[in-house]
Amino acid sequence: MGGFGGRLSPGRRRALVVVLALVLVQLGSLVRPAWACGCGGMVPGRNTTIAVQRETSVVRWDGTSEEIVMSLTVGGNAPEAAWIMPVPHRATVTLGDQDLFDEVSEVIAPVDKDRHYFWPRDGDWPFDGGGGDGAVGASPGDSAKGGAAPVGVVGRERLGPFDVARLTATDPDALRDWLERNGFELPDRLADGLKPYVRAKWEYVAVRLAPAEDASDDTGGTGGVGGTGGRSVLGGTLEPLRLRFASERLVYPMRLSRLAPTPQGLDLYVLAPHRMEPRGDIGGRQPEVVYAGPVDPGRAPRGELEKLAGRRMFLTAFRQEFPRPELISGDHELRRAAHDSAYQRVVYHDTLLTVGGVPVWLLTVGGGLLITAGVLVAVIRGRRRRTVRWGPGSGYPAPAQDNWPL
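The rules behind the values
- Residues numbered from 1 in each chain as written.
- Predicted model: local features only at pLDDT ≥ 70, side-chain atom pairs only at ≥ 80, totals over all residues.
- Heavy atoms only, no water.
- Helix = DSSP H or I, 4+ residues; strand = E, 2+ residues; numbered from the N terminus.
- Buried < 20%, exposed > 50% of the residue type's maximum accessible area, 1.4 Å probe, protein only.
- Areas by Shrake-Rupley, 256 points an atom, 1.4 Å probe, with all protein chains shown as cover.
- Phe/Tyr/Trp six-rings, centres within 6.5 Å; stacked < 30°, edge-to-face > 60°.
- Lys NZ or Arg CZ within 6 Å of the ring centre and 35° of its normal.
- Axes fitted to C-alpha atoms, helices over the stretch in contact; angles between N-to-C directions.
- Parallel < 35°, antiparallel > 145°, perpendicular 65-115°, else oblique.
- Left-handed = near helix turned anticlockwise from the far one by under 90°.
- Contact = heavy atoms within 4.5 Å.
- 1 Å grid on protein atoms, 1.4 Å probe; cavity = no way out; pocket = protein on both sides within 12 Å on 5 of 7 lines; lining within 4 Å.
- Points joined across faces, edges and corners; volume = space filled by probe spheres on them.
- Nonpolar A, V, L, I, M, F, W, Y, C, P; charged D, E, K, R; others polar.
- Pairing = 2+ DSSP bridges.

K.L.:
Quick one: what's the story with the overall build of the chain, residue by residue and with numbers?
P.N.:
Tallying secondary structure elements over the chain gives six helices and 25 strands in all. Within the chain, the fraction of its 406 residues that count as buried is 42%. Split by element, the accessible area of the chain, about 22200 Å² in all, is 55% carbon and sulfur.

K.L.:
Break down the packing of aromatic side chains for me, with residues and values.
P.N.:
Summed over the entire model, instances satisfying the criterion amount to one aromatic pair. Judged by centre distance (5.0 Å) and plane angle (50 degrees), the rings of Y197 and W202 are tilted. In this structure Y197 comes out as buried when scored by relative accessible area, which is 2%. Under the relative-accessibility criterion, W202 is labelled buried at 7%. Of note, R255 hangs over the ring of Y197, and the distance from its end group to the ring centre comes to 5.5 Å.

K.L.:
Lay out the packing of helix α3 (residues 172-181) against helix α4 (residues 189-199) in plain terms, naming residues and giving numbers.
P.N.:
Running from amino to carboxyl end, α3 crosses α4 at an angle of 120 degrees, the nearest separation of the two axes being 8 Å. When the axis of α3 is compared with that of α4, the two are oblique. The handedness of the crossing between α3 and α4 comes out as right-handed. Two secondary-structure elements touch here, α3 through P172, D173, L175 and R176 and α4 through A191, L194, K195 and V198.

K.L.:
Report on the environment of P294, specifying residues and quantitative values.
P.N.:
Here P294 is to be found in strand β19 (residues 288-295). Along the primary structure P294 and L271 are separated by 23 residues, whereas in three dimensions their C-alpha atoms are 9.0 Å apart.

K.L.:
Mind laying out empty space enclosed by the protein, listing which residues take part and the relevant values?
P.N.:
Space inside the largest cavity adds up to approximately 80 Å³. Along its surface, the largest cavity is lined by twelve residues, and L72, F162, L238, E239 and L241 are the ones closest to its centre. Those elements that provide at least two residues to the lining of the largest cavity are β4 (65-76) and β11 (203-209). Of all the elements, β4 adds the most residues to the lining of the largest cavity, at three residues. Here the residues of the lining of the largest cavity sort into ten nonpolar, one polar and one charged. A volume near 40 Å³ is recorded for the second largest cavity. Lining the second largest cavity are L266, L268, P278, P287, F318, R319, Q320 and H332. Contributing elements (two or more residues each) for the lining of the second largest cavity: β17 (264-272) and β20 (313-322). It is β20 that contributes the most residues to the lining of the second largest cavity, three residues altogether. For the lining of the second largest cavity, the class distribution of residues is five nonpolar, two polar and one charged.

K.L.:
For the sheet that holds strand β16 (residues 250-252), give the residues involved together with the corresponding values.
P.N.:
Pairing between sheet strands relies on hydrogen bonds along the backbone, with the strands arranged either parallel or antiparallel. The three strands lie next to each other as β16-β21-β18, forming an open sheet whose pairing is antiparallel. Of all the strands in the sheet, just β16 and β18 (276-278) have a single pairing partner and so form its edges. Across the sheet, the axes of successive neighbouring strands diverge by a mean angle of 30 degrees, strand direction being ignored. Inspection of the sheet shows β18 paired to strand β21 (residues 332-336) by three bridges, in the antiparallel sense. Counted as the bridge partner of E277 is R335 from β21.

In structure tokens:
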């Protein structure tokens, strides 16, 4: 018997279970703020959500110092969020320039090349069908010490929409408590994620993203702020941050990203004296090289990329996906590749080979037919000459008898 007063049928019971499960999932998302990670951890305020959709970083390393210019593309309904990034040595923090990423995108973009084919395909005369153009990608080829206090404040400044604190810590729980007291609301499990960095005596850059009230009408995403019901929210591509610190090895912090609940994507552009390669996949898919080549001052687009490269550097661009962030096992460490071989993706556009607008296959076949016809005509004429009869009735006089051999 169906209805509210009787027993539910098996089908209705299954439907009710599904509905209740969906309601519980929604309630859970309201109680527990969603995690999103760049190369550090990011969380929104209570009862709001934020998600890092893409993390793009340009890293410059010259053997003694490292510079990271990072841009995050985020979405959600959070008016503010906190983010923390561990660094192996004391860092300076300034605002970056979005033009840098535009220039790098131009350099690593695939090149277009035409590739001709001889015989007609679908879409070419005399065949009917879909378009004849195809596109095929080419296949590649000493730590700074904290003071006696559990948490030390190296510096704190306001950079655009960012409240930036540079910290040292000898106790991950004390670091979490300091962050919470100073407006950086982070979850308890962040302390566990920070323990390896505390043991290694790394320092930290803590960033609180709080858009200015007068930016609530900016919906373009370039400033990382959008308007929702008169309230500023973080969204789109956030203004880049530039971090610089001493480092004798090229390392890109990724360990905290294992706290993310959703798949993560990383675009990493590395400027170094030589071509570089990751030591491993650290729990994600195999990093894909999308570009490798030298960047010479004067040859690169004038602007941020040329200024960052400074002298001749080698640019290696990687792309990596992390379908299951909880499997991330550590930070990206990069080493010199065996060869400074260059690579650039190529997109081929297949077109029918023509001369003066006429398909070459037609000229070839037509010319071959003409030659064949000429040969046949010559053969036939030759045979006719060989079969002519001499003597009476043939129209030709018989040869003189004395001309014949005895």
